[in-house]
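Geometric and topological summary
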Amino acid sequence: MKADLESRLSSLQLQPLPPAWREEMLSRLQSVPPQIRRAPPRWLAVGWGLAWAAVLVLHFTTPAASDPAAPAPALNAEAMLQRAELMQSLLALK
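Reading the values: rules and limits
- Residues numbered from 1 in each chain as written.
- Predicted model: local features only at pLDDT ≥ 70, side-chain atom pairs only at ≥ 80, totals over all residues.
- Heavy atoms only, no water.
- Helix = DSSP H or I, 4+ residues; strand = E, 2+ residues; numbered from the N terminus.
- Buried < 20%, exposed > 50% of the residue type's maximum accessible area, 1.4 Å probe, protein only.
- Areas by Shrake-Rupley, 256 points an atom, 1.4 Å probe, with all protein chains shown as cover.
- Patch = residues over 30% accessible without salt bridge, like charges linked within 9 Å, V, L, I, M, F, W, Y side chains within 5 Å.
- Salt bridge = Lys/Arg side-chain N within 4 Å of Asp/Glu carboxyl O.
- pLDDT = per-residue confidence, 0-100.

1. Regarding the overall build of the chain
- When helices and strands are tallied, the chain shows four helices and zero strands.
- Taken from N to C terminus, the helices and strands of the chain fall in the order α-α-α-α.
- Counting the 94 residues in the chain, one finds 0% classified as buried.
- Surface summary for the chain: the accessible area is close to 9900 Å², and the carbon and sulfur share equals 66%.

This is the structure we're talking about:
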């Protein structure tokens, strides 16, 4: 079956295109405008890059916060009194 198809295709003669068709196709190809590059402006891409660089620098240079799961340090009596006085003064401002 495959050999039969191949033999039939090989027996066909290739006919050249009419010159008018060829000229029309080539003229249409030459009149197509060039593709426009779909990318952000260079200044915007540079700005994004600098912003990400700043984010990374700040991320790696900022000291880590203490572990939030760790228990808070115990307050002594003097610290608790100072805290209570501060709360009273803040509530008095209202």
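Still more to cover.
2. Here we look at a nonpolar patch on the surface
- Taken together, the side chains of Leu86, Met87, Leu90 and Leu93 define a hydrophobic patch exposed on the protein surface, amounting to about 440 Å² of accessible area.
- One can find leucine 93 in helix H4 (residues 77-93).

3. Some points on the confidence of the model for the chain
- Per-residue pLDDT for the chain averages 85, and the proportion of residues at 70 or more is 89%.
- Averaged pLDDT values over the elements of the chain bottom out at 86 in helix H2 (residues 19-31) and peak at 94 in helix H3 (residues 42-61).

4. Comments concerning the pattern of salt bridges
- Overall, the coordinates contain one salt bridge when judged by the stated rule.
- Among the ionic pairs, arginine 28 bridges to glutamate 24, the shortest N-O distance being 2.8 Å. Taken as a pair, arginine 28 and glutamate 24 lie in helix H2 at a separation of four residues, close to a single helical turn.

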